[in-house]
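What follows is the residue order along each chain.
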Amino acid sequence: MTNKYMYFVANWKMYGNLSSLNTLDKVIKFSKSKEIKRGRLIYCPPNTLISSFSKKFRNCQIGIGGQNCHESKNYGAHTGFVNCHMLKNIGAHFVIIGHSENREKGESDKLINQKIKSALEAKLKVIFCIGETLNEKRKKKTYSILSKQIKTGLKNIKNKSNIFLAYEPVWAIGSGIIPKPQDLLKTVKFIKNKFKDRSTKVLYGGSVNPQNITNLREINNIDGFLIGGASQNAKKFIDIVKKTYT
Ligand code: 13P
């Protein structure tokens, strides 16, 4: 159980369409209840739904974010991409950057650094994803990988107050497997120690669900969760939040 202020970020990935909007009513009602007094819900739907989500959440405190952005803060000939100003313009307050599903497609730490700078300039809060692969974990490289991702990803960024770190071990995403509690506690501590500002928020992501949340909530240095699959189901998402506090 926790009394801490926690963040619950729903990453819908490439799922959802206009009919998904109906499923949000339950969550909106829940967001106004006493049960979520000490926390914030944030939805990151696909870009096609950001504007509709923004209208839907007009009278509540639920945040909205994009799932990625182009590195350029300028408009330009980049077919198929959107920049941070465009996300902001349709109602986003946050953007996920550096997700492993994009790193796997060639997004480098350097490119991620450019995207983060561009997002901060557009006054978006950044959910900066880091995490090691199974192979890297087996070779005991977790800490060196995380150090490199943080160092290059945040190069020349002085003010980090609008950056949330999201530790998502690649092997835990969509696998149903979560790290051992003692390992997760140590890794989150390792990440926090990289920052002078001890108020840096670190979220955990990877197979979070209403069952394993009772173990995850015991890890007292985590500031919230980045939730994929389970977040598309309103009941499961609400259950995760409720169980974090009970
Ligand atoms: P799952 O919760 O489906 O494992 O996804 C985690 C994730 O990638 C969130 O960004």
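Residues numbered from 1 in each chain as written. Predicted model: local features only at pLDDT ≥ 70, side-chain atom pairs only at ≥ 80, totals over all residues. Heavy atoms only, no water.

Here we look at helix α5 (residues 109-121)
No. 1: Between its first and last C-alpha, α5 extends 18 Å over 13 residues, near the 18 Å set by a 1.5 Å rise per residue.
No. 2: For α5, every residue scored as buried is listed here: D109, I112, N113, K115, I116, S118, A119 and L120.
No. 3: On its buried side, α5 packs onto α3 (84-89), β4 (94-97), α4 (100-103), β5 (125-130), α7 (142-153) and β6 (163-167).
No. 4: Count one or two residues on from α5 and you reach K123, which has phi positive near 65°. (Helix = DSSP H or I, 4+ residues; strand = E, 2+ residues; numbered from the N terminus. Expected span 1.5 Å × (residues − 1). Buried < 20%, exposed > 50% of the residue type's maximum accessible area, 1.4 Å probe, protein only. Contact = heavy atoms within 4.5 Å.)

A short note on the packing of aromatic side chains
No. 1: The full count for this structure, using the stated rule, is 13 aromatic pairs.
No. 2: In textbook terms, an aromatic cluster arises when at least three aromatic residues are bridged by ring pairs, as seen for W12, Y43, F53, F57 and F237. (Phe/Tyr/Trp six-rings, centres within 6.5 Å; stacked < 30°, edge-to-face > 60°.)

Comments concerning the pairing of strand β7 (residues 202-205)
If a strand is regular, its side chains alternate between the two faces of the sheet.
No. 1: Side chains of β7 alternate between two faces, with V202 and Y204 and L203 and G205 buried alike.
No. 2: The pairing of β6 with β7 spans 3 bridges and is parallel. Opposite Y167, over in β7, you have Y204 as the bridge partner.
No. 3: One crossover worth recording links β6 to the parallel β7 by way of helix α8 (residues 181-192), and it is right-handed. (Pairing = 2+ DSSP bridges. Right-handed = clockwise from strand over helix to strand, strands pointing away.)

Section: a positive patch on the surface
No. 1: A cluster of basic residues, K110, K117, K151 and K155, forms a positive patch on the protein surface.
No. 2: As for its placement among the helices and strands, K117 is situated in helix α5.
No. 3: Given a relative accessible area of 31%, K117 falls into the partly exposed group. (Patch = residues over 30% accessible without salt bridge, like charges linked within 9 Å, V, L, I, M, F, W, Y side chains within 5 Å. Areas by Shrake-Rupley, 256 points an atom, 1.4 Å probe, with all protein chains shown as cover. Salt bridge = Lys/Arg side-chain N within 4 Å of Asp/Glu carboxyl O. Lys, Arg positive; Asp, Glu negative; His and termini not counted. Charge placed at Lys NZ, Arg CZ, Asp CG, Glu CD.)

Some details on the pattern of salt bridges
No. 1: Applying the stated criterion to the full structure yields 10 salt bridges.
No. 2: Note that E101 is salt-bridged to K13, the shortest N-O span being 2.8 Å. Highlighted residues: E101 in helix α4 and K13 in the loop between β1 (6-11) and α1 (24-31), separated in sequence by 88 residues.
No. 3: What makes E101 partly exposed here is its relative accessible area of 27%.
No. 4: On the basis of relative accessible area, K13 is assigned to the buried category, the value being 19%.
No. 5: Here D239 makes a salt bridge to K235, at a shortest N to O gap of 3.2 Å. Within this pair, D239 and its partner K235 are both found in helix α10 (residues 234-245), separated by 4 residues, close to a single helical turn.
No. 6: Connected via shared salt-bridge partners are K4, K192 and D223.

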